[in-house]
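Here is how the chains run, residue by residue.
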Amino acid sequence: MTGDEKRIHPHLVVSRKESIVTLRIDREDALGAMNAEIMEKMGVFARDLAADHTVRVLVITGTGRGFVAGADITGYQNVSQVEFDRFQRLSRRTFDTIASLPQISICAVNGYALGGGLELALCCDFILINNKTKVGLPEIKLGLLPGGGGTQRLPRLVGPMRAKEMILTGRMVPAEEAVSLGIALAAYEPGELMPRAIEFATSLADQAGVALAEGKRVIDDGIETSLAAGLTLEQRVLGTLFATHDGKEGIAAFVEKRDPDFTGT
Ligand code: COA
């Protein structure tokens, strides 16, 4: 753990650099597998983050050769139906909170992202990946199916046929293939992953804050609606941005041939 890292749970470590917050899952001996306590704490962290307007970008990563190898399978054994269902509802709440964060989220997939690990990554706006690792939804091999959004978010990203191939065979997809399928934006050498993730996060954090958050929202909401409703939303958002300080400042800076001084208002 480096000096500026704060442990918020035995398996969750948070650090901050200006307006960029990094959440690191730290459970190397179980390849980052998530149990109910980790899921609960991650949900609390995400709800607090959503209310923190000083944070622009969230980076989520893991430790060692696992990002998150899924739900903790050992915790699935000998639990009642009620407890199993409770864990699924908890995952839903945590993952929905992360997916709807006003901040931009980047998942830096350092190692295996399987089951709930890939589903967590799919809640983020961007996925960058270690080029030596693999992702997948292997739940079918347990006689189950994904329950953290995999059957819904993956097909929206790669189309139903490719999603069915991955979900119904449980195949682990190598990083470079994940990039070509559109699951990840880019793959990097293991040692390059975090520096590139932070560099990308910084390039996002430097943008006008209101436009950044609204850009994410208009795309995410637009995908779930009709084209006409999406276009109306787009125009309404643009009109609102024109009235912001940063909108005026960006135009003035261009005309005056100088760098804009965005304030996030
Ligand atoms: N839940 C709990 N523990 C897990 C886990 C999970 N989802 N995934 C891995 N682990 C644990 C292993 O039990 C092992 O613990 P041990 O050292 O105490 O035996 C440790 O992490 C290392 O895993 P191991 O299987 O020995 O490593 P590997 O390199 O041979 O294989 C994987 C790596 C990821 C292919 C393999 O661990 C795996 O298939 N994991 C389950 C993935 C899955 O089905 N996820 C969906 C869950 S719903």
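Computed from a predicted structure; not experimentally measured. (Residues numbered from 1 in each chain as written. Predicted model: local features only at pLDDT ≥ 70, side-chain atom pairs only at ≥ 80, totals over all residues. Heavy atoms only, no water.)

## A look at the overall build of the chain
Along the backbone of the chain there are 10 helices and 11 strands. Computed over C-alpha atoms, the radius of gyration of the chain comes to 19 Å, within 12% of the 18 Å expected from 2.2 N^0.38 for 265 residues, which places it in the range of a compact globule. With respect to the principal axes defined by its C-alpha atoms, the chain has extents near 65 × 50 × 35 Å. Residues counted as buried form 44% of the 265 residues belonging to the chain. Partitioning the contacts of the chain with sequence separation of at least 6, the portion at a separation of at least 24 is 64%. About 13,700 Å² of surface is accessible on the chain, with carbon and sulfur atoms providing 58% of the total. Charged side chains of the chain number 29 positive and 34 negative; the gap between the two group centres comes to 3 Å. (Helix = DSSP H or I, 4+ residues; strand = E, 2+ residues; numbered from the N terminus. Rg over C-alpha atoms; globule rule 2.2 N^0.38 Å. Buried < 20%, exposed > 50% of the residue type's maximum accessible area, 1.4 Å probe, protein only. Contact = heavy atoms within 4.5 Å. Areas by Shrake-Rupley, 256 points an atom, 1.4 Å probe, with all protein chains shown as cover. Lys, Arg positive; Asp, Glu negative; His and termini not counted. Charge placed at Lys NZ, Arg CZ, Asp CG, Glu CD.)

## Focus: the domain arrangement of the chain
We note that the domain assignment places domain 1 (5–205) and domain 2 (209–255) within the chain. Its C-alpha centre places domain 1 at a distance of 28 Å from the equivalent point of domain 2. Summed over both sides, the interface of domain 1 with domain 2 buries roughly 610 Å², with 51% coming from carbon and sulfur. On the domain 1 side of the interface with domain 2, the three residues burying the most area are Arg-56, Ile-104 and Arg-156, jointly 51% of the side's total. Linking domain 1 with domain 2 are 2 salt bridges, by the criterion used here. Of the charged contacts, one joins Arg-156 and Glu-224 as a salt bridge, the two residues approaching to 3.2 Å between their closest N and O atoms. (Domains from an automatic or database assignment. Buried area = accessible area lost by both parts, 1.4 Å probe. Salt bridge = Lys/Arg side-chain N within 4 Å of Asp/Glu carboxyl O.)

## Thoughts on the pairing of strand 6 (residues 104–109)
Counting buried positions over the 6 residues of strand 6 gives 6, a clear majority of the element. Residues Ile-104, Ile-106 and Ala-108 line one face of strand 6 and the alternating positions Ser-105, Cys-107 and Val-109 line the opposite face, and both faces are buried. Direction of pairing for strand 4 (residues 57–61) relative to strand 6: parallel, over a ladder of 5 bridges. The residue of strand 6 that forms the bridge with Val-59 is Ile-106. (Pairing = 2+ DSSP bridges.)

## Brief notes about the packing of aromatic side chains
Scanning all chains against the criterion turns up 3 aromatic pairs. A ring pair is formed by Tyr-76 and Phe-87, whose centres lie 6.2 Å apart and whose planes are at 75 degrees; its orientation type is edge-to-face. In this pair, Tyr-76 is assigned in the loop between strand 5 (66–68) and helix 2 (81–99) and Phe-87 in helix 2, connecting sequence segments 11 residues apart. With a relative accessible area of 24%, Tyr-76 lands in the partly exposed category. Note on Phe-87: relative accessible area 11%, which makes it buried. Every member of this aromatic cluster is reached through a ring pair, and the members are Tyr-76, Phe-84 and Phe-87. Stacked on the ring of Phe-242, the Lys or Arg Lys-248 has its end atom at 3.9 Å from the ring centre. (Phe/Tyr/Trp six-rings, centres within 6.5 Å; stacked < 30°, edge-to-face > 60°. Lys NZ or Arg CZ within 6 Å of the ring centre and 35° of its normal.)

## So, the packing of helix 4 (residues 150–158) against helix 5 (residues 160–169)
Two elements in contact, helix 4 and helix 5, have axes whose closest approach is 7 Å; the angle formed by their N-to-C orientations is 135 degrees. Overall, the two elements helix 4 and helix 5 adopt an arrangement that is oblique. The crossing of helix 4 and helix 5 is right-handed. On the side of helix 4, the interface is formed by Gly-150, Thr-151, Leu-154, Pro-155 and Val-158, while helix 5 contributes Pro-160, Arg-162, Ala-163, Met-166 and Ile-167. When the residues that make up the contact of helix 4 with helix 5 are grouped by side-chain class, the tally is 7 nonpolar, 2 polar and 1 charged. (Axes fitted to C-alpha atoms, helices over the stretch in contact; angles between N-to-C directions. Parallel < 35°, antiparallel > 145°, perpendicular 65-115°, else oblique. Left-handed = near helix turned anticlockwise from the far one by under 90°. Nonpolar A, V, L, I, M, F, W, Y, C, P; charged D, E, K, R; others polar.)

## Things to note about the sheet that holds strand 5
A sheet is described by the order of its strands in space; here 4 strands give the open sequence 5-7-9-10, paired in mixed fashion. Whereas interior strands pair on both sides, the edge strands pair on one side only; in this sheet they are strand 5 and strand 10 (173–174). Of the strand pairs in this sheet, strand 9 (residues 134–136) and strand 10 are connected by 2 bridges, and their pairing is antiparallel. Among the inter-strand pairings, Val-135 is bridged to a residue of strand 10, identified as Val-173.

## Some points on the site of the ligand
Taken together, 15 residues form the shell around the ligand, and within it Asp-29, Arg-65, Ala-69, Ala-71 and Ile-73 come nearest. Note that an oxygen atom of the ligand is positioned 2.8 Å from one of the side-chain N or O atoms of Arg-65. Note that a nitrogen atom of the ligand is positioned 2.9 Å from one of the backbone N or O atoms of Ala-71. Look at the ligand: alone it shows 860 Å² of surface, and the protein chains cover 58% of it. Residue composition of the shell around the ligand, by class: 11 nonpolar, no polar and 4 charged. (Near = heavy atom within 4 Å. Polar contact = N/O pair within 3.5 Å; in protein donor to acceptor, adjacent residues only side chain to side chain.)

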